[in-house]
Amino acid sequence: MPIHWYPGHMNKASHEMKSVLKDVDLIIELLDARLPFSSQNPTIKELSTTKPCIKVLSKSDLADPALTRDWQAHFEQEESVKTLATNLDIKHKAESVLHLCQKLSPKTLRSTRTMIAMITGIPNVGKSTLINALAGRKVAKTGNEPAITKGQQRIKINEEVTLLDTPGILWPKIHNENSGYRLAISGAIKDTAMNVEDVAFYLSGYLLKQYPECVNQLLDTKTLPNDDLALLEALGRKRGCLRRGGQVDLEKVSSVLVNEFRTGKLGRISLETPRMIPAEEAQVEQLKEEKKRRDELRKAKRKKK
Ligand code: G4P
């Protein structure tokens, strides 16, 4: 699925993030609990072994609770990582994050100066909601305000913690095609930058395989549709997404399905599990190798000419 969504300012923001990381004591990385792997920033992934990191699994009220626990255990295998699953309970969210910040604060730092905690997260993951909860007031979105030119802002939370906010960014290339679809389903990628039918077909196929009981509930039936197209057509007829002549309007029903996922109407669903990832990463490596070989071959051919 070709995705055209990476504006220039995001690239700049990613470079800026790398350059300030050395001055940061702790990283608070917001992940979407429904896609904790795909919503991870690769830059942070590289550096998380050296800096203490709190991975906040946001929107856990929409995710599959058992899989959220699996993801937390998976991430916490790394010594420097602690995790938190949060929902819309703002007060609890702020208290838990601050408690972990204090716990992870480097010993040498305590009582000498304020801790700098960098907060990151892809668009729409719930970063502003968390920052507002921590600050106890509405803070302007970093990068979305013309006045904030550096793309980062410092927000004093209390005497112990200052947040360094970074713009909500995605990365230039998503090598794992599955991650691209999952990000699109979650709403992290703008709908105008993707083909909603492709995304809905991916989601339908996944639901049939991993959450058949949700499909039965969605269609109010005991018999599962044969495939992704049959699922979308059945839903289209149920929701009245029809063209003149009674044919299902696939574009319309695709938007309906994706929106019902985003708002939790389909139930608590996660789009990936820790067990799925090694095979996907191996496939990405294989594709990279194949591309490298093709590029080398092309170069050699050109040289010959
Ligand atoms: P961002 O800064 O990372 O871009 O995200 P932001 O906080 O603006 O949140 C994006 C949307 O996600 C908001 O909904 C917000 O209410 C919702 N959200 C944030 N955290 C959670 C959570 O833990 N659970 C659920 N279910 N939703 C969460 P919105 O419809 O875009 O705006 P609004 O209804 O809050 O005005």
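Residues numbered from 1 in each chain as written. Predicted model: local features only at pLDDT ≥ 70, side-chain atom pairs only at ≥ 80, totals over all residues. Heavy atoms only, no water.

## What to know about the overall build of the protein
Counting its secondary structure elements, the protein contains eleven helices and six strands. Within the protein, buried positions represent 50% of all 305 residues. Within the protein, contacts between residues separated by at least 24 positions form 69% of all contacts whose residues are at least 6 apart in sequence. Carbon and sulfur atoms make up 50% of the accessible area of the protein, which totals about 16500 Å². (Helix = DSSP H or I, 4+ residues; strand = E, 2+ residues; numbered from the N terminus. Buried < 20%, exposed > 50% of the residue type's maximum accessible area, 1.4 Å probe, protein only. Contact = heavy atoms within 4.5 Å. Areas by Shrake-Rupley, 256 points an atom, 1.4 Å probe, with all protein chains shown as cover.)

## Observations regarding the site of the ligand
Neighbouring the ligand are 17 residues; Asp61, Asn124, Lys127, Ser128 and Thr129 lie closest to it. Asn124 places a polar main-chain atom, nitrogen or oxygen, 2.8 Å from an oxygen atom of the ligand. Measuring from an oxygen atom of the ligand, one finds a backbone N or O atom of Lys127 at 2.8 Å. Bound to the protein, the ligand loses 61% of the 700 Å² it would expose on its own. Among the residues forming the shell around the ligand, the class breakdown is five nonpolar, seven polar and five charged. (Near = heavy atom within 4 Å. Polar contact = N/O pair within 3.5 Å; in protein donor to acceptor, adjacent residues only side chain to side chain. Nonpolar A, V, L, I, M, F, W, Y, C, P; charged D, E, K, R; others polar.)

## Section: helix H6 (residues 177–186)
Among the ten residues that make up H6, nine are buried, leaving the element largely enclosed by the rest of the structure. Inspection of H6 places Asn178, Ser179, Gly180, Tyr181, Arg182, Leu183, Ala184, Ile185 and Ser186 among the buried residues, and these make up the whole buried set. The inward-facing, buried residues of H6 contact strand S1 (26–32), helix H7 (196–210), helix H10 (250–262) and helix H11 (277–304). Between the side-chain oxygen at the start of H6 and the backbone nitrogen of Asn178 there is a gap of 2.9 Å, and the oxygen is on Asn176.

## A look at the nonpolar core
Grouped together as the largest cluster of nonpolar side chains are 80 residues, with contacts concentrated most on Ile28, Leu163, Leu257 and Ile269. Sorting elements by how many residues they give to this core places H7 first, with seven residues. Split by domain, this core shows at least three residues from each of two domains, domain 1 (8–165) and domain 2 (195–263). Setting aside residues no more than four positions away along its own chain, Leu257 makes contact with Ala200, Leu203, Ser204, Leu207, Leu218, Leu232, Leu235 and Leu266. (Core = buried A, V, L, I, M, F, W, Y, C linked by side-chain atoms within 4.5 Å. Domains from an automatic or database assignment.)

## Overview of the sheet that holds S1
Across the sheet, six strands lie side by side as S3-S2-S1-S4-S6-S5; this open sheet has mixed pairing. For this open sheet the edge positions go to strand S3 (81–85) and strand S5 (153–156), each flanked by a neighbour on one side alone. Ignoring strand direction, the axes of neighbouring strands in this sheet form an average angle of 25 degrees. Pairing of strand S2 (residues 53–58) with S3 involves five bridges; the strand directions are parallel. (Pairing = 2+ DSSP bridges. Axes fitted to C-alpha atoms, helices over the stretch in contact; angles between N-to-C directions.)

## Examining the packing of helix H4 (residues 90–104) against helix H5 (residues 127–135)
At a minimum axis distance of 9 Å, the contact between H4 and H5 shows a crossing angle of 80 degrees. Between H4 and H5, the angle is such that the two are roughly perpendicular. Where H4 abuts H5, its residues Ile90, Lys93, Ala94, Val97 and Leu98 lie against Thr129, Leu130, Ala133 and Leu134. Grouping the amino acids of the contact of H4 with H5 by side-chain chemistry returns seven nonpolar, one polar and one charged. (Parallel < 35°, antiparallel > 145°, perpendicular 65-115°, else oblique.)

## Section: the confidence of the model for the protein
The predicted model of the protein averages 87 in pLDDT, with 86% of residues at 70 or higher. Here helix H1 (residues 8–20) stands out as the element of the protein with the lowest mean pLDDT, 64, in contrast to helix H3 (residues 65–75), whose mean of 98 is the highest. Under a pLDDT of 50 for its full length, residues 144–149 has, in the predicted model, four contacts with residues more than four places off or in other chains. (pLDDT = per-residue confidence, 0-100.)

## A closer look at the packing of helix H9 (residues 228–239) against H10
At a minimum axis distance of 9 Å, the contact between H9 and H10 shows a crossing angle of 90 degrees. What the angle tells us is that H9 and H10 run roughly perpendicular. Where H9 approaches H10, its residues Leu229, Leu232, Leu235, Gly236 and Arg239 are matched on the opposing element by Leu250, Val253, Ser254, Val256, Leu257 and Glu260. Residues of the contact of H9 with H10, tallied by class, amount to seven nonpolar, two polar and two charged.

## A word on the environment of Val248
Here Val248 is to be found in the loop between H9 and H10. Between the C-alpha atoms of Val248 and Glu233, which are 15 residues apart in sequence, the distance is 6.0 Å. If near-sequence neighbours (up to four positions away) are discounted, Val248 is found in contact with Leu232, Glu233, Gly236, Arg237, Cys241, Leu242, Arg243 and Val253.

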